[in-house]
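Structure at a glance
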Amino acid sequence: MKKRKVRVKPYRKLTKTMAARFFFVAALLLVLLLIIMGKLIYLTIFKESSYKKQILAQQQYMNKEINYKRGDILDANGNVLATSRKLYKVILEPKNIIGIRQKKDGKEVITENQKLVTAALKKYLHATDEEINRALSNKESYYYDSLCDSKTESEISEFKKYLKTEEGSSLVGIWLDESYQRIYPKATSACHAIGFVSDGDIGVGGMEQYYNNLLKGTNGRRYTYLNEELEYDTSIDEAVNGKSLVSTLDMNIQQIAEKRLNKFMKDYGSLNTSILVMNPNNGEVLAMANSKTYNLNDPMNEENLKKYFSASKIEKMTSQEKSDAYSSIWSNYIVSNTYEPGSTFKPFTVSMGLESGVLTGDEFFTCGGSLKVNGTSIGCSHTHGTIPLSTTIAKSCNVSMMQIAAKVGSERFANYQRAFGFGSKTGIDLPGEAGAADVLHDAKMADVDLATSSFGQSFQCTMIQLGSAFCSLINGGNYYQPHIVKQVLDSNGDVEKNITKTLVKKNISEETSEKMRSYMRETVESGTARIAQIKEYDLAGKTGTAEKYPRGTNKRLVSFIGFAPYDNPQLMVYVTIDEIQKGSQSNTSLAVQMARDILQKSLKHLNVEQNSEDKEKETN
C-alpha cells in the first residue's frame, strides 16, 4: 500500500509587526490592571468613609415615613374643636427577632430575644400565639410585618413603659409606628365653620381648608441600614408638627344658636335656615349655624344624606349626583349663598340719606300704600300715612325708602352700596365666599331698580356681607373685616401670631350710627319686631321679607337682624329663613323670636350688664 505523505507546515517566524501588536495588547492590559488596582487602593484607603456610605446606602432595607401631627383647632375659650389622636402600630422584624438559632439534639433552639418579645406581646398587648406566629412566619425576611394596628395611647401605654426598661430596650426587631386620626369632639356642631380633612392632610371646607398650609406639618423619615459593623442601625429625621388655631367661635353661643335652630326646624321646618352671631366691635364671628349639618368625623357617610334626601332618591343617584348632594350639605350658606335681603337693607338706605345730607332726621314721608315709578306701581305692605323718618324703619315702609333713594340718586346709592361692601367679598378667612358683584346694579341703574333696591330687592348679597356691613351701622361707623381665627399657635402651643381687628374703612359718622340705633330700637318698641322685647336687655333690629324669584309664587325668605344693648352693642345676631314649611312664609316673627332668644342667652353667658329694676319699671 502506498504511504501517504504528511505535509508539515513550515514554522512561521514572529514578525516585527506581530511582536509590536502583542506587546501593545499586553501593555494595554497591564495599564488597565494597574488602573483598577489603583482605584481599589484609592477607594479603600483615601475614600474609605465615602465608600462605606455608598455600600451602606445600597444595603439599606427600610425607609419609613414618620407622620406629623396636624395642628388643633380651638374655640375662643380653649375648647377643642378639631384634634389629631395618636394611634400606634406594633411592627415586628421577623429575621431580627428570630436571630441565628443554635441546634441542640438536632433541633433549633428559640433565641432568648424571641422568647422575651413573645412574652411581652402576650403580657402587654394580649396577643395570641397565632397572631405572633403569623407575624413572624416570614423568618428569612428583614422586612417588617404589622402585629396590630390603631392602638390608642391608653391601650399601648404599659407596653411603651416596658420598652423603656432595661430589658425592653434590649429587645431586637420590635418597634412602634405612629400615625394620627383626625377627630372632631363636637361631631356636627359648627361643622361648616370647622370643615374636615380628606386623605390625611387635605382640608375640605371651613378653617381646615382655609388654613390648611398652617395646620399641616412636615413628615419625618426613619431609615434602617447596615452600619460599619454590618449590624442593622436606625437614624431618624424627626417630623415637624403643624400649627394650631384659636378661633373666635364661642361654643357656648354656637350651641345656644344650634339648639334654638333645631327647635325651629322641628316645629316649622324650612328649605334652609342660618344664624350668624358677631361681635360688632371687632368683626369676630362668634357662631355660625346652618340647618343642614353633617358629622365631621364621617362626612362621606350616607347617613348625612338621608337627613335631606329619601332613600329611594339616594339609590338612584349617579356618582356625580351623590357628590353634588354631599357638596350641598358641606357648603356654608352664610358665606357661599346669595339672596335678596329684603327689608333688613332699609337701615342702609336711611343711613345713605343721612350721610349724603339729603336727610337731616326731621323729615316726614307720606305712604299711600304704593308708589308709581316710571309707570310701574310698586306696593308697600301697608298704607302708613304720614310718618317721621324714624318710623319709616320701625314700620318698614317701602314707599318712604323709595322716596329716600330717589333723593340720594342712583350714582350715590350705588357708591354707598359698594362702600358698605355689597358686591364684594368681605375677605373672611373661610373658603367659598361669594362676591355677588354680578347681581348688584351699577350707577346707571333704572329708576325702578333704584326703587326696589331701596328696600332690599332686585339685588343679592350674602349673610356675611350684610352682617359685617350692619355691624358698621351700629358700632359708630367702623367697618371691620370679619374673621374667624384670632391666634396662631406654634407646635409647642405658644402664641406665634395674634389676629386682631382690622379696620377697613369708616362708613358713616358716629352721629348717623347713633340715629340708626335709636331708629331700630323703635322697631322693637313699637314696630315690626315688638315680639323681640325682653326685660333684661334693650334689643333693637330690623325685620325683612323678600319675595323670591320668580315673582308671584308666594315663596319668601324672611329674616331679622338684631343687636343689644341698643345703646352699646355687644352682640349682633342675624337670622334668615328660606321658605318656611309650616304656616305662612311671610312670618317674620319666627326669625325675630329666634334672634331674641339667642341674644338673651348669649348676653347672659357673656355677663353683659342687665337692665336695672328701675329701668325695667320705666320700660314697662
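It is worth spelling out the packing of aromatic side chains at this point. Under the counting rule described, the total for this entry stands at 17 aromatic pairs. With a centroid separation of 5.0 Å and 25° between ring planes, the pair formed by Y124 and Y162 is classed as stacked. Taken together, the residues Y124 in helix α4 (residues 112-125) and Y162 in helix α6 (residues 153-163) connect sequence positions 38 residues apart. For Y162, a relative accessible area of 7% corresponds to the buried category. Measuring from ring centre to ring centre gives 5.7 Å for F264 and Y268, while their planes differ by 20°; the resulting arrangement is stacked. You can call F264 buried: its relative accessible area is 3%. A residue is classified by how much of its surface remains accessible, and Y268, at 33% relative accessible area, is partly exposed. One aromatic cluster is present, built from ring pairs that chain together F345, F348, F413, F420, F422 and F459. The positively charged end of K505 is found above the aromatic ring belonging to Y479, 5.4 Å away from the centroid. A cation over a ring is seen here: R551 above Y549, with NZ or CZ 3.9 Å from the ring centre.

What follows concerns unusual backbone geometry. Look at the link from Y549 to P550: it is a cis peptide, with omega at -10°. Tracing the backbone shows P550 in the loop between β23 (540-547) and β24 (556-564). Look at the link from A564 to P565: it is a cis peptide, with omega at -20°. Counting through the fold element by element, P565 comes out in the loop between β24 and β25 (571-580). Positioned with a positive phi, H126 is a non-glycine residue whose angle comes to about 55°. Its place among the elements puts H126 in the loop between α4 and α5 (129-136). Look at H126 and you get exposed, because its relative accessible area is 64%. Despite not being glycine, A190 has its phi angle at roughly 55°, a positive value.

Along the polypeptide, N212 turns up in helix α10 (residues 212-215). For N212, a relative accessible area of 13% puts it in the buried group. A polar atom in the side chain of N212 sits 3.1 Å from the backbone nitrogen of G203. In this structure N212 touches R70, D201, I202, G203 and M207, once residues within four positions along its chain are discounted.

To continue, consider the nonpolar core. Core analysis: the largest hydrophobic core is formed by 81 residues, its most contacted members being M207, L276, M288 and F422. A per-element tally of this core places helix α21 (residues 463-474) first, with 8 residues. Excluding residues that lie within four positions of it along the chain, M207 makes contacts with I73, A193, I194, N212, L215, L245, S247, L249, L430, I484 and V485. Grouped together as the second largest cluster of nonpolar side chains are 33 residues, Y537, V573, L590 and L603 included.

Cut-offs applied
- Residues numbered from 1 in each chain as written.
- Predicted model: local features only at pLDDT ≥ 70, side-chain atom pairs only at ≥ 80, totals over all residues.
- Heavy atoms only, no water.
- Phe/Tyr/Trp six-rings, centres within 6.5 Å; stacked < 30°, edge-to-face > 60°.
- Helix = DSSP H or I, 4+ residues; strand = E, 2+ residues; numbered from the N terminus.
- Buried < 20%, exposed > 50% of the residue type's maximum accessible area, 1.4 Å probe, protein only.
- Lys NZ or Arg CZ within 6 Å of the ring centre and 35° of its normal.
- Polar contact = N/O pair within 3.5 Å; in protein donor to acceptor, adjacent residues only side chain to side chain.
- Contact = heavy atoms within 4.5 Å.
- Core = buried A, V, L, I, M, F, W, Y, C linked by side-chain atoms within 4.5 Å.

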